[in-house]
Amino acid sequence: MNLSQDNLSVQTTCAYCGVGCGVKATPNGDGTVAVAGDQDHPANLGKLCVKGSALGETVGLEGRLLYPQVRDERGSDALRRVSWDEALDQVADKWQAVIAEHGPDAVALYVSGQLLTEDYYLANKLMKGYVGSANIDTNSRLCMSSAVAGHKRAFGEDLVPVCYEDLELADMIVLVGSNMAWCHPILFQRIAREREKRPNLKLVVVDPRRTATCELADLHLPVKPGTDVWLFNGLLSYLSRIGAVDPDYVAAHTSGFEAALAAAEVDCADPAAVAKACKISLGALMEFYESFAATAKVITAFSMGVNQSSAGTDKANSIINCHLVGGRIGKPGMGPFSITGQPNAMGGREVGGLANMLAAHMDLDNAAHRDAVQTFWDAPRMADKPGLKAVDLFEAIESGRVKAVWIMATNPVVSLPNADQVRRALAKCELVVASDIIQDTDTNAYADVLLPALGWGEKDGTVTNSERRVSRQRPFLPAPGEARGDWWIIARFAQRMGYAGFDFAGADEVFDEHARLSAWRNSAGDLPRVFNIGGLAGMGRSAYDGMAPVQWPVLEHAGTGGTARLFEDGRYSHPDGKARFIATVPRLPVHQVDEDFPLSLNTGRVRDQWHTMTRTGRSAKLADHVPESFIDMHPQDALIHGVREGELARVSSQWGSMVARVQHGGGIARGGVFIPIHWSGQTSSDARVGGVVNPVVDPVSGEPEFKHTPVRIEQFRVSWHAFILSRTELDLDSVAHWTRIQGREFARYELAGRNSIADFSEWARELLGVQDPDADWLEYADRTEGMYRAVHVVDDRIEQCIFLSPRLDLPARSWLAGLFAEEELADADRASLLIGRPLKKGVDVGPTVCSCFGVGRNTICSAIREQDLKSVPEVTACLKAGGNCGSCVPELKKLLAETRLEMVADAPA
């Protein structure tokens, strides 16, 4: 275990995005964990975003899956605790029977970028080398596979050529389809700090939405969704036309330029036509083109807005083309940069975790590569054709072609597109196995066998971040219950299947095999690949425990030294050593809006949540910023479609529907709506947006079109609105709409109903489970206005409260949340509860803006007015807001502008 100098903190890596920040975790001895940034880690240099800072709030055992369990009767909620032997025997027996009757392609694994590399490696080895099927895919298919395919087409291998330092060395940064300020805030703050030193560093944001990232941008291009290829084909044509080409580089190190340029010039030679197609001004387009052409050191960083598209691979290649044409690659401060979404999406790619890949960056469709891997593994039966990609896999399960599926560390009933189809598929599947850390998820409800895995803080292994940096995740907590590492589960299962080659004693031995395979037959005269960590092979347990973060390739002759940048010598991984220009023909999303579905749905993340909230949803700190799902749309569209801000609405597509609250965030163009991805059946009644998203995928990468689904919106009419704060969990299935939000020592529920309530008191007591007629129960009812509020007090502490109104004019939740921290409810507090507002001024801090320090909107606006604050640094000095991860800085800028404008308007003439 790698301990810091105080011999208490363990150096590990964050569990969230692909930035891969170093974390120092210190168990406090009372079940809690203190978390801080690791100043020695090159990815973050001691900084953490709010999600990373709140990791300590997520390590409790509430809701954990702690023991193997089986469901003896399909459709039943009853689960039976069993031993590991019985659980694994049941799974192995069923897999053997299915394979014997239907062949190896009738079973499948669906895994996750949350797995450690060692887990991923064994899962891939099991399926492709021993079961003999490539039916192993991953939720990384949903976020990074278009970038992978683009890299392989252009470079001959899945390679990210740049490093984080290049963001600080560039003179121009183009962010495409990336709300970096919210989704990768530590990287964004590196850019922000560099701009403070070098104000001439130009930042361009290409995004249909005006996001928090745009607040720092010199230029925002709000392109029409799906038109990125037009934009970058037009740039390629422009660069060629004005002579901003490096002909020597193109001739010596690339091929295919003429074909790519010819394809670009069919529709994109005229900047005016490009501007029209992208629905941006010609002036803004030319400013972008001219700046790119005039700047040698350009980084183009792209993320989900590029990848999650039916043309995602072409989008990636159209970006790469523009770097190849000027030789803007392989040198400090320049290059295309795919920003990874998950903590180990790249580690999964290293070991062949996708259905169309082999381990160690070898190709499944290459006979020599298959032979190399089979020989190294001494594998009995090698998969020789690609397996089913994520969306295809679940369609095959529903059709009966796949009889058994094992899902690891992911929640596809929430996260996949056309998610109701995933439900149907799992309901029909003969055997569903789920390895997870959480007992109750939307997916686990369909599992026949539940296997308890280790979580962050308990796992032991490695992850690889967006800049190819391999870091250790180290355990600092004991394994809870009978939970085991995923690598251990896979190895023991493989042994029950009768497979040799899985007798590993620890994660270090798995990593050693992975490192040795990366160097196997990896030479110029054999099967050369850039991915090579042979220098990390043979370390032994002690060196593995102490391994420092390092960027691959790490070559045997170089010891443990890493490599910051790739392609510095202009040599690529195609057989001729040249990069490929790819001809990309612009095309719109497959499904277009029409009269029945006139709006385009875009989905994505919010600042303080992650994936389906099975981890972040446990943190009260992270719940306050965006407590509910929402439908962000333009006010004019809301008016046309008869919905109003703050009220509930239903969004429907031909695949499904969901309900959330309408908001006007100010960043959505007409014709579009944005809905976050995080809410599931565990946290809301019907806010799961995956059921709405269309299942169309990119024909090359198989990545779904999460950024464009035709939808319609309509009112979700209700009779009343309410919220509950409760120390006990509630069953709200009888309520038309609800959302659960984690609070400190309580759960908050936002409700809306369609029923008429005859007796408020009786209804509230039944809903809250208060059966004692002598309970300390305070209530106020106004039947005429339809308003009601009640408080349940136990031992002078507030236990539960409920507030109801036919309108949205309900009391501030932040004030009431503060009362749950009180050991005793004062008489004044009882009075304020009955009248529905705090008696003291300043108690209501408003919605959270800075989650790191818990600073609310009302507090910030009051300080701006009272202290005459004029800048973000002044706000930070006064309130600390914005002083940690910085992800709230764009919001602080907006509040400063709005509040100071109000101050001017309110000033006496």
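Below: a short report on this structure. (Residues numbered from 1 in each chain as written. Predicted model: local features only at pLDDT ≥ 70, side-chain atom pairs only at ≥ 80, totals over all residues. Heavy atoms only, no water.)

When helices and strands are tallied, the chain shows 30 helices and 34 strands. A globule of 909 residues ought to have a C-alpha radius of gyration of about 29 Å, and the chain, at 28 Å, matches this closely. Out of the 909 residues in the chain, the part that is buried amounts to 62%. For the chain, restricting intrachain contacts to residue pairs at least 6 apart in sequence, the fraction spanning at least 24 positions comes to 71%. Accessible area of the chain: about 32400 Å², with a carbon and sulfur share of 49%. Charge separation in the chain, taken as the distance between the mean sites of 92 positive and 116 negative side-chain charges, equals 3 Å. (Helix = DSSP H or I, 4+ residues; strand = E, 2+ residues; numbered from the N terminus. Rg over C-alpha atoms; globule rule 2.2 N^0.38 Å. Buried < 20%, exposed > 50% of the residue type's maximum accessible area, 1.4 Å probe, protein only. Contact = heavy atoms within 4.5 Å. Areas by Shrake-Rupley, 256 points an atom, 1.4 Å probe, with all protein chains shown as cover. Lys, Arg positive; Asp, Glu negative; His and termini not counted. Charge placed at Lys NZ, Arg CZ, Asp CG, Glu CD.)

So, on to the environment of Gly 666. Among the secondary structure elements, Gly 666 is positioned in the loop between strand 24 (657–663) and strand 25 (672–676). For Gly 666, a relative accessible area of 69% gives the class exposed. As for Gly 666 and Ser 600, which are separated by 66 residues in sequence, their C-alpha atoms are 16 Å apart.

Once that is clear, we can look at the pairing of strand 6 (residues 107–111). Taken across its five residues, strand 6 has five buried, putting it largely inside the fold. Burial along strand 6 is two-sided: the residues Val 107, Leu 109 and Val 111 and Ala 108 and Tyr 110 are all buried. Note: strand 6 against strand 14 (residues 404–408), four bridges, orientation parallel. Along strand 14, the bridge assignment pairs Ala 108 with Val 405. Running through helix 3 (residues 117–131), the crossover from strand 6 to the neighbouring parallel element strand 7 (residues 136–138) is right-handed. (Pairing = 2+ DSSP bridges. Right-handed = clockwise from strand over helix to strand, strands pointing away.)

Here we take up the environment of Val 391. Summarising the element assignment, Val 391 is placed in helix 17 (residues 390–399). The exposure class of Val 391 is buried, given its relative accessible area of 10%. For the pair formed by Val 391 and Leu 236, sequence separation is 155 residues and the distance between their alpha carbons is 33 Å. Not counting residues within four places of it along the chain, the set of residues in contact with Val 391 comprises Leu 416, Pro 417, Pro 695, Val 697 and Pro 704.

Spatial ordering of the open sheet is given by 1-2-3, a layout of three strands whose pairing is antiparallel. The sheet is open, and its two edges are formed by strand 1 (10–13) and strand 3 (33–37), each paired on a single side. Each neighbouring strand pair of the sheet contributes to a mean axis angle of 35 degrees, computed without reference to strand direction. Direction of pairing for strand 2 (residues 22–27) relative to strand 3: antiparallel, over a ladder of five bridges. Each bridged residue has a counterpart across the sheet, and for Val 23 the counterpart in strand 3 is Gly 37. (Axes fitted to C-alpha atoms, helices over the stretch in contact; angles between N-to-C directions.)

Turning our attention to a nonpolar patch on the surface. A grouping of Tyr 780, Leu 834, Ile 835 and Leu 839 is seen on the molecular surface, where their side chains present a nonpolar patch of about 330 Å² in accessible area. Given the relative accessible area of 34%, Tyr 780 is considered partly exposed. (Patch = residues over 30% accessible without salt bridge, like charges linked within 9 Å, V, L, I, M, F, W, Y side chains within 5 Å. Salt bridge = Lys/Arg side-chain N within 4 Å of Asp/Glu carboxyl O.)

Two measures define how a pair of helices packs: the angle their axes make with one another and the distance between the axes. Put simply, helix 8 (residues 228–241) and helix 14 (residues 312–324) touch, their axes get as near as 9 Å, and they point 20 degrees apart. As summarised for this structure, helix 8 and helix 14 are arranged roughly parallel, according to the angle between their axes. Where helix 8 crosses over helix 14, the handedness of that crossing is left-handed. Counted together, Asp 228, Val 229, Phe 232, Asn 233, Leu 235, Leu 236 and Leu 239 of helix 8 and Asp 314, Lys 315, Ser 318, Ile 319, Asn 321 and Cys 322 of helix 14 form the full contact between these two elements. Classifying every residue of the contact of helix 8 with helix 14 by side-chain character gives seven nonpolar, three polar and three charged. (Parallel < 35°, antiparallel > 145°, perpendicular 65-115°, else oblique. Left-handed = near helix turned anticlockwise from the far one by under 90°. Nonpolar A, V, L, I, M, F, W, Y, C, P; charged D, E, K, R; others polar.)

Here Leu 231 lies in helix 8. As a C-alpha pair, Leu 231 and Ala 275 span 44 residues in sequence and 7.9 Å in three-dimensional space. Those residues in contact with Leu 231 that lie beyond four places of it in its chain are Val 206, Leu 221, Val 223, Val 274, Cys 278, Ile 280, Leu 285, Phe 288 and Tyr 289.

Let us now look at the nonpolar core. As a rule of thumb, soluble globular proteins bury nonpolar side chains together. Counting residues in each nonpolar core, the largest one holds 245 residues, and the members touching the most others are Trp 95, Leu 109, Leu 221, Leu 231, Phe 288 and Trp 406. With sequence-adjacent residues up to four places away left out, Leu 109 is seen in contact with Trp 95, Ala 123, Leu 126, Met 127, Asn 135, Ile 136, Asp 137, Leu 393, Trp 406 and Met 408. The next biggest cluster of nonpolar side chains, apart from the first, holds 23 residues, and it includes Ala 722, Leu 732, Tyr 749 and Ala 775. (Core = buried A, V, L, I, M, F, W, Y, C linked by side-chain atoms within 4.5 Å.)

In this section: the packing of aromatic side chains. Counted under the stated rule, the structure contains 27 aromatic pairs. Taken together, a centroid distance of 6.2 Å and an interplanar angle of 80 degrees make the contact between Tyr 121 and Trp 377 edge-to-face. With Tyr 121 in helix 3 and Trp 377 in helix 16 (residues 367–377), the pair connects residues that are 256 residues apart, well separated along the chain. Summarising the burial analysis for this pair, Tyr 121 and Trp 377 share the class buried. Both rings, one in Phe 511 and one in Tyr 544, keep their centres 5.6 Å apart while their planes meet at 45 degrees; by these two values the pair is tilted. With Phe 511 in helix 21 (residues 507–519) and Tyr 544 in helix 22 (residues 540–545), this residue pair connects regions lying 33 residues apart in the sequence. Since its relative accessible area comes to 2%, Phe 511 is described here as buried. (Phe/Tyr/Trp six-rings, centres within 6.5 Å; stacked < 30°, edge-to-face > 60°.)

The next subject is the sheet that holds strand 8 (residues 172–176). The parallel open sheet is built from five strands, whose spatial order is 10-9-8-12-13. The open sheet is flanked by strand 10 (219–221) and strand 13 (335–338), the only strands paired with a single partner. Neighbouring strand axes in the sheet, compared pairwise and without regard to direction, differ in orientation by 15 degrees on average.

Moving on, we come to the side chain of Asp 38. Mapped onto the fold, Asp 38 is located in the loop between strand 3 and helix 1 (50–53). Within the buried set, Asp 38 has no salt-bridge partner at all; the shortest N-O distance to an opposite charge, 4.8 Å, is to Lys 24. Of note is the side chain of Asp 38, whose polar atom sits 2.9 Å from the backbone nitrogen of Asp 40. Aside from chain neighbours lying at most four places away, what touches Asp 38 is Gln 11, Gly 22, Val 23, Lys 24, Asn 44, Leu 45 and Gly 46. (Polar contact = N/O pair within 3.5 Å; in protein donor to acceptor, adjacent residues only side chain to side chain.)

Okay, unusual backbone geometry next. Glycine aside, a negative phi is what most residues show, and trans is what most peptide bonds show. Across the junction of Trp 552 and Pro 553, the peptide omega takes the value 5 degrees, indicating a cis bond. Note that Pro 553 resides in the loop between strand 19 (550–551) and strand 20 (579–580).

There is a patch of like negative charges on the surface, built from Asp 759, Glu 762, Glu 766 and Glu 779. Position of Glu 779 among the secondary structure elements: in strand 30 (residues 776–782). Judged by its relative accessible area of 37%, Glu 779 is partly exposed.

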